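# Notes for the structure review
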2 protein chains.
Amino acid sequence: MDERVREHAEVLVDWSARVEAGDDVVVSVGPDAHELAVAVAEKLGERGANLLATYSSGEITRAYLQAHDDAFDENPAHELALVENADVYLSLGGGRNTSATADVPGERRRAYTEARSEIRETRLGTRWVSTVQPTRSLAQQANMAYEEYRDFAYDAILRDWESLADEMAQLKDLLDAGSEVRLVSSDTDLTMSIEGRTAVNSAASVAYDSHNLPSGEVFTAPYATEGEVTFDVPMTIRGESVRNVRLAFEDGAVVDYDAEQGGDVIGDVLETDDGARRLGELGIGMNRGIDRYTDNILFDEKMGDTVHLALGRAYDACLPDGEPGNDSAVHVDLITDVDEDSRLEIDGEVVQRNGVFRFEDGFDA
Amino acid sequence: MDERVREHAEVLVDWSARVEAGDDVVVSVGPDAHELAVAVAEKLGERGANLLATYSSGEITRAYLQAHDDAFDENPAHELALVENADVYLSLGGGRNTSATADVPGERRRAYTEARSEIRETRLGTRWVSTVQPTRSLAQQANMAYEEYRDFAYDAILRDWESLADEMAQLKDLLDAGSEVRLVSSDTDLTMSIEGRTAVNSAASVAYDSHNLPSGEVFTAPYATEGEVTFDVPMTIRGESVRNVRLAFEDGAVVDYDAEQGGDVIGDVLETDDGARRLGELGIGMNRGIDRYTDNILFDEKMGDTVHLALGRAYDACLPDGEPGNDSAVHVDLITDVDEDSRLEIDGEVVQRNGVFRFEDGFDA
């Protein structure tokens, strides 16, 4: 076994999920995530935690959904009971085809998702962490050779998370103290209110309200968005290529949009519900182990020198206690590169210019 | 997909487990049982049942057990809750190495098994069925080519179960009406009481108290065993080859044993507890789709022209209500060939001679 698989498992179990003796842990294993699952099992055994492995396969989901009708039982008792009794939920992604469920009708998929909302919410109440084993399928999605992709993925995953958390805390403090954010670059001039909102220092650990490995971003829940923004990082959304999406906001909501490619998908997203026309997230990528786009949101949105905005649902951790943020059935991230001709301002003060933060060497106010 | 995989899934879901709309189904998937799992998912979708897939891997179990100490938490709540809320539990075996857990110390394994007894008992209270996807690893265990092994396995699995059930009912009736069974062949002359016990017509369906696919045996729970028996079908028990085991019984218990090979393993089994020295099962194989030994008990014990006896635990279905049968932590099957120089008598009347039953053509009383 590649020693990095063991290190990945150790970071996941100890740093990310803070597993302790006696924890009841569900490990969701993708068909090509077997090796990582073995390494995670070893760590869970060492820690004295209790392991139950589930199997998460796009091909199984597709076969089931294609054969089922549109009426699903609500929150089946066996699965709900499993997550209700889990302390930790580790999702080890890794399939053989990122398009495995491409031909499942959207309506079927939505009906299935809606019928399982309580299971999903309960799972989000555990110490959950999502990660992936670098697979051939993900390498292909990234247009990379397998060995090259593994190097890329482990560079992103095996960071010094404690030190990155300290670095990111500086940006979190600036955002928490601020009221208004302005993002300016070519084709972009957008302002958002963040007054009263709390930024998350997403350091790939539940101890930081952060549930992705890799992570490495600071995010908050903006509102009252005004202006225009162009997202120049290419990505696949719902199986379709999306390029250079432009959104125009007035009074917090999208009033106009277009795209060089994939405009239909963006239109579909915006039509979902009222919340889908408003922002749920402003995220600022700070993981410099991620040095290229790989068409995988788990990695792309954390990349250094990028900013992303999500249409749809806001994360509770950013909101004052009991206050509902933007609500929606979707959360769709779009990413823009900020390494050139760009600046991010908080209350009129530049905090990042051309990718360099004010607390870093080489910052030019 | 081989059409036989779909047929296998259909037999499993409809005939074996009697799955209906609304059933909460756990499907335990081995690492190489993916294809069967996809076919089962399709059937469960068609029936409107609710699917949760778990992942059962010897390598994961080994990694976990090797890293853990000998003190396991009793019946972890998340796994117990899962099986408590399951209506159906389908185990799709199929690994990559039948010796995947060979180096786990026996004591560790026993401690793990003991700590999970309530989970196991609860699972046995569901409509559970164990089957396997024919894998390269099982082909190797059988000393067969992969394609050849698939043909063998599907011949055993894709029977006309309804008609086999009718055939087996004739033997069940003979056993249920009888008091004493005598098995005679070269090196074997054994008598057992079956008075008051009920035979199971094991037709690969929960509707027949039968939980294996393939099945195709009639079994009961004998006691008061006297005499000697030689088991000439070679098999692997706990990773060791066992050949020509001979057991001598007095007053229902083993008083002497030897073996051409694997005597140590038999000794270990007999030492487990008091019940391990007594029989828990007399089984008569009636699946003529199984035409050779493949060193896999799921198949071997169902083979036509064989009889097996198990040391250890008896099945509840054979016992009068509320009466405890032979109890033990083990249930170890041993098999003898009865196709030559053999006869099976019930209360002095020959019911099978040289493999042919009295209700079959060619029977020679």
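Residues numbered from 1 in each chain as written. Chains lettered and ligands numbered in written order. Predicted model: local features only at pLDDT ≥ 70, side-chain atom pairs only at ≥ 80, totals over all residues. Heavy atoms only, no water.

- An unreviewed UniProt entry annotates chain A as Aminopeptidase originating from Natrinema saccharevitans.

## Points about the domain arrangement of chain A
Residues and elements named next belong to chain A.
- With domains assigned, chain A is organised as domain 1 (3–157) and domain 2 (161–357).
- Taking only C-alpha atoms, the centre of domain 1 and the centre of domain 2 are 24 Å apart.
- Listed per partner, the contact involves 25 residues of domain 1 and 24 residues of domain 2.
- For the domain 1 and domain 2 pair, buried surface summed over both sides reaches about 2,000 Å², with 60% attributable to carbon and sulfur atoms.
- When residues of domain 1 are sorted by the area they lose upon contact with domain 2, W15, F152 and A156 head the list and together hold 31% of the total. (Domains from an automatic or database assignment. Contact = heavy atoms within 4.5 Å. Buried area = accessible area lost by both parts, 1.4 Å probe.)

## Some points on the relation of the copies chain B and chain A
- In screw terms, the move from chain B to chain A is a rotation of 180 degrees and a rise of 0.0 Å along the axis, fitting with an RMSD of 0.0 Å. This pairing of chains is accounted for by a two-fold axis. Relative to the rotation axis, the closest C-alpha in chain B is found at B:T54, a distance of 1.9 Å. (Least-squares fit on C-alpha atoms with pLDDT ≥ 70 in both.)

## Some remarks on the sheet that holds strand β7 (residues 200–202) of chain B
Residue and element names in this part refer to chain B.
- Taken in spatial order, the five strands line up as β7-β8-β13-β14-β15 in an open sheet, and their pairing is antiparallel. Of all the strands in the sheet, just β7 and β15 (331–337) have a single pairing partner and so form its edges. Put simply, the sheet's adjacent strands are angled 20 degrees from each other on average, direction ignored.
- With seven bridges connecting them, strand β14 (residues 306–312) and β15 associate as antiparallel partners. Residue pairing across strands places L309 opposite L334, the latter belonging to β15. (Pairing = 2+ DSSP bridges. Helix = DSSP H or I, 4+ residues; strand = E, 2+ residues; numbered from the N terminus. Axes fitted to C-alpha atoms, helices over the stretch in contact; angles between N-to-C directions.)

## Description of the environment of B:T220
All names here are of chain B.
- Along the polypeptide, T220 turns up in strand β8 (residues 217–220).
- Spatially, the C-alpha atom of T220 lies 22 Å from that of I157, the residues being 63 residues apart in sequence.
- Apart from residues lying up to four places away in sequence, T220 is in contact with I194, R197, T198, A199, G280, E281, L282 and C318.

## A few points about the sheet that holds strand β15 (residues 331–337) of chain A
All names here are of chain A.
- Pairing in this open sheet of five strands is antiparallel, and the strands run β7-β8-β13-β14-β15 from one edge to the other. The open sheet has two edge strands with one neighbour each: β7 (200–202) and β15. Going from strand to strand, the sheet's axes swing by 20 degrees on average, the running direction of each strand aside.
- Of the pairings in the sheet, the one linking strand β8 (residues 217–220) to strand β13 (residues 279–285) comprises four bridges and is antiparallel in character. Across the sheet, E217 pairs through a bridge with G285, a residue of β13.

## Things to note about the nonpolar core
- Ranked by size, the top nonpolar core spans 198 residues in total, and within it A:L90 and B:L90 carry the most contacts.
- In this structure, A:L90 is in contact with A:L12, A:V13, A:A17, A:V25, A:V26, A:V27, A:S28, A:V40 and A:V129, ignoring residues within four places of it in sequence.
- Of all hydrophobic cores here, the second largest spans 18 residues; its members include A:V26, A:I119, B:V26 and B:Y89. (Core = buried A, V, L, I, M, F, W, Y, C linked by side-chain atoms within 4.5 Å. Buried < 20%, exposed > 50% of the residue type's maximum accessible area, 1.4 Å probe, protein only.)

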